[in-house]
Every structure is written in C-alpha cells, then in structure tokens.
Amino acid sequence: MSDAALPRPALDIGRLAPLYSAQALATGATTVSTVLASLIMSGLHFEALVGLPSTLISTSAALSAGAFGALMIRRGRRTGLSAAFVLGAVGAAVGFVGARWALLPVFLLGACMMGAAQGGYQQARYAAAESVPDDRRGAALGALMLMSVLGSFLMTGASRPIEALGAALGSTPEVAGWLVGGALLGVAALLIRLWRPTTASITASFPAHATLPAQTAAPAKLTVRAAFAIPGVRSTALALATAQGLMVTLMSLTPLRAHHMGMDHGAVAALISGHILGMFGFGWLTGPLIDRLGLRFGYVGGALLLAAAALCAPLSGAAWLAVSMFGLGLGWNLAFVAGSKALTRFPAAQGVTDGLGYVAAGVGTALGGVIIARAGFPVLAAGCAVLALLPLISAWRVRAA
C-alpha cells in the first residue's frame with residue numbers, strides 16, 4: 001500500500017486543548033481591544049482620533065512580534081505565550097482604568113500593552129501547526145480557528161451582561177468589555193501552563209513554492225535574512241500582511257460607520273459576531289481544503305472574498321454591511337491559513353511577517369480614519385478592494401503541485 005493510500009491520523013485535540021482554549025479566550029480579548037476601542041474614543045470625545053488606539057495596538061504588536069518570535073525560538077513556545085498572555089491581562093486592566101476615569105494617556109498605554117501582547121500570543125497558531133505532520137497543518141490551523149470563535153462569541157454574545165456590568169461600574173459596555181477582556185487573558189495565561197508542547201517530526205517535503213538550496217541550513221536554524229531569501233517566503237509574507245492589514249482596518253472602522261447609521265450596541269455586536277463567524281467558524285472546512293487543494297486555493301479565494309467584502313461595505317443598508325463583515329472574515333481566513341501553513345517550516349520568518357501584518361493594520365487604521373473624514377467611507381472601501389488583490393501574487397508564486 002502506498003503512503004498516499006494510508007489514512008491520515010486524526011488530530012490529537014485532547015493534547016492541544018489547553019493551547020486551543022487559551023487562544024480562544026485571547027481571541028475574545030482581541031475583539032475587545034480592536035473593535036471597541038474606536039467607540040471608547042468617541043465616548044471620550046476624541047472622535048477625530050478614533051483610529052489611534054487600533055494604530056497603537058498594531059504598532060506595538062509589530063514591534064513585539066519579532067521579539068516574541070525570537071523568545072519562543074530560544075525558550076520555547078510555552079514560555080513566550082505565557083509572557084504574552086500576562087502582558088495582555090495587565091494591559092487590559094490599565095486600559096480599563098484609563099477609559100473608566102477618562103485618562104486618555106492611560107487608556108492609550110493599555111492599548112499599547114494589549115498590542116504588544118498580541119504580537120506574542122497570535123503566534124500560537126504556529127505552535128499548533130508544529131504539533132502535526134505537514135499534510136495536517138491546515139486542519140490543525142482550522143481547528144484552532146474554530147475554537148477561537150467560541151472566545152469571540154463569548155464576548156460578542158455576552159453584550160447584555162457586559163452592559164449590566166458597565167452600568168454597575170458607572171460606565172459604558174465598551175469600557176466594561178476591556179475589564180472582561182483582561183480576565184479572559186488571565187485565564188488564558190493559566191491554561192497555557194497546562195499545555196505540554198511536542199513538535200512533530202518533519203517528514204513531509206517543503207511547501208511547493210519554497211525550496212531550500214542544498215547549502216542552506218535546516219529551516220529551524222535559519223536567520224531572518226536567510227529565511228526571506230528562500231523563494232516564496234517574501235510573497236507569503238505579502239499575502240499575510242495584506243490580509244491582516246485589510247481585515248483589521250475594515251473591522252475597526254466599520255463599527256463606527258454602523259454607529260453613524262443609527263445601529264445600537266446590540267446591532268454592532270451582531271455585525272461583529274458575523275465577522276468572527278467568517279474569520280473562525282469555517283476553519284473546520286477551510287483548513288482541510290487547503291491541505292487537499294493547496295496554498296493557491298487559499299490565496300485566490302482569500303483575495304477575491306476580501307475584495308468583494310470591501311466593495312459591499314459602502315452599499316446602503318445593514319444587510320450589505322453584514323455581508324461585508326462576514327466576507328471580510330472568511331477571506332482573511334483563507335489567506336491567513338494558507339500563509340501560516342507555508343511559514344510553519346521557517347520560524348525565523350514568522351515573527352517578522354506578523355510584524356509586517358501589524359504595520360499594515362496600523363497604517364490602514366490611521367489612514368482609514370483620515371480618508372473617511374476627508375473623502376468618505378466609500379473611498380476607503382474602494383482602495384481596500386484594490387489592495388485585496390495582492391495575495392494573487394502569492395498564488396502566482398506557488399508552483400503547481
């Protein structure tokens with residue numbers, strides 16, 4: 001019997017459960033820090049600066065991603081992830097204090113700490129992918145995303161209890177959400193200590209678009225420069241950075257548009273729930289599909305969905321806004337899973353690539369707020385639709401299997 005005919009082993013979900021659960025809670029906290037920050041700024045009467053917290057979050061994540069990646073290479077994934085979760089929990093508490101008592105510098109400091117934490121704990125996906133053989137890594141990433149949707153829905157689905165908590169604290173639901181997000185990250189820090197990482201032996205070949213020269217060192221020992229010199233790694237980084245930048249930009253600024261359309265907190269929460277469903281809810285399908293159909297499927301599908309989502313966003317009516325947010329999430333999912341799977345073999349490139357994604361997100365939210373103020377939301381959406389086609393370059397770089 002050939003190797004191709006052998007059944008593929010099932011994912012060891014039990015062993016990965018602490019990692020998946022911690023990441024699910026962290027995703028809920030991330031939803032708070034990125035989505036609600038613009039509404040908090042509006043509530044603090046700094047509407048001209050609504051994109052600033054998201055920009056600071058993305059910038060801090062960009063600066064920390066490489067450092068956390070290096071820490072994980074030296075000290076292991078669990079140490080790096082634990083440090084990131086603790087930093088995020090403290091940052092959320094600081095942000096809550098700043099928002100609750102209208103101390104703008106303190107709130108922005110909390111946003112920076114939350115962003116720095118994201119630069120670390122978002123690399124949990126590589127830990128999950130490293131735990132399985134190459135032909136199951138898409139499925140492992142998809143399962144991680146499916147678990148993450150639970151954490152996101154924990155936050156968006158608990159809008160009424162959070163409103164009650166905000167009232168009890170004499171504040172708003174958006175401010176109370178930051179306190180809840182800090183609690184989630186604290187629990188995640190405890191869960192990650194229960195995880196026992198084991199890296200699967202590498203038996204599969206390199207991704208079709210990334211062939212190492214004979215004289216090059218093993219992937220885990222490559223320097224950053226050597227990793228990015230490998231054909232296909234730079235185009236993979238482009239796809240990941242584009243998907244991350246566009247997703248965060250539109251996700252962060254669309255709630256403000258919805259608010260201006262007269263939608264209340266519950267309606268905005270429903271929009272975000274649809275977006276989170278697109279991002280994570282179909283990981284059980286997209287991950288195995290990418291394993292089976294290849295990276296090109298993820299890049300092309302992701303690019304087309306991201307472009308369509310951007311074009312739907314400025315159309316009139318809440319229904320189009322919901323379609324846009326869902327498509328934005330699903331397009332990000334496809335491009336993100338494909339790119340993450342491709343980079344799993346090259347740890348030196350992971351943190352830097354994540355940093356580039358956060359830079360793109362920071363620039364996008366900063367410029368997005370200005371573009372909306374000067375030219376309107378439709379102009380921003382059109383620009384995002386054009387940029388969404390960049391992952392097609394990554395698809396072109398993938399050689400046919």
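For the structure itself, consult the block above.
The structure reproduced in this document is the subject of the present report. (Residues numbered from 1 in each chain as written. Predicted model: local features only at pLDDT ≥ 70, side-chain atom pairs only at ≥ 80, totals over all residues. Heavy atoms only, no water.)

### Describing the overall build of the protein chain
Scanning the protein chain for helices and strands turns up 18 helices and zero strands. Burial status across the protein chain gives 57% buried among its 401 residues. Sequence separation of 24 or more characterises 84% of the internal contacts of the protein chain that already satisfy a separation of 6 or more. Split by element, the accessible area of the protein chain, about 15600 Å² in all, is 70% carbon and sulfur. (Helix = DSSP H or I, 4+ residues; strand = E, 2+ residues; numbered from the N terminus. Buried < 20%, exposed > 50% of the residue type's maximum accessible area, 1.4 Å probe, protein only. Contact = heavy atoms within 4.5 Å. Areas by Shrake-Rupley, 256 points an atom, 1.4 Å probe, with all protein chains shown as cover.)

### Some points on the nonpolar core
Across soluble globular proteins, nonpolar side chains show a tendency to be buried alongside one another. In terms of nonpolar packing, the biggest core is built from 59 residues, with Y299, L328 and W332 touching the most fellow members. Counting residues per element, this core draws most heavily on helix α11 (residues 233–260), at 12 residues. Each residue touching Y299, except ones within four places of it in the same chain, is listed here: T236, A239, A335, A338, G339, A342, P391, S394, A395 and V398. (Core = buried A, V, L, I, M, F, W, Y, C linked by side-chain atoms within 4.5 Å.)

### Brief notes about the pattern of salt bridges
By the definition in use, this model includes five salt bridges. Residue R125 pairs with D354 through a salt bridge whose shortest N-O separation is 2.6 Å. Of this pair, R125 sits in helix α6 (residues 124–130) while D354 sits in helix α16 (residues 347–375), and the two are 229 residues apart along the sequence. One exposure class covers both R125 and D354, and it is buried. (Salt bridge = Lys/Arg side-chain N within 4 Å of Asp/Glu carboxyl O.)

### A closer look at the packing of aromatic side chains
Using the criterion set out here, one finds seven aromatic pairs in the structure. When the ring of F280 is compared with that of W332, the centres are 5.7 Å apart and the planes differ by 80°; the resulting orientation is edge-to-face. A residue pair is termed long-range when its members are at least 10 positions apart, and F280 in helix α12 (residues 265–281) and W332 in helix α15 (residues 318–343) qualify at 52 residues. On the basis of relative accessible area, F280 is assigned to the buried category, the value being 7%. Relative to F336, the ring of W332 has its centre 4.4 Å away and its plane inclined at 20°; by these criteria the two rings are stacked. (Phe/Tyr/Trp six-rings, centres within 6.5 Å; stacked < 30°, edge-to-face > 60°.)

Read these as layout, nothing more, since geometry by itself doesn't imply function.
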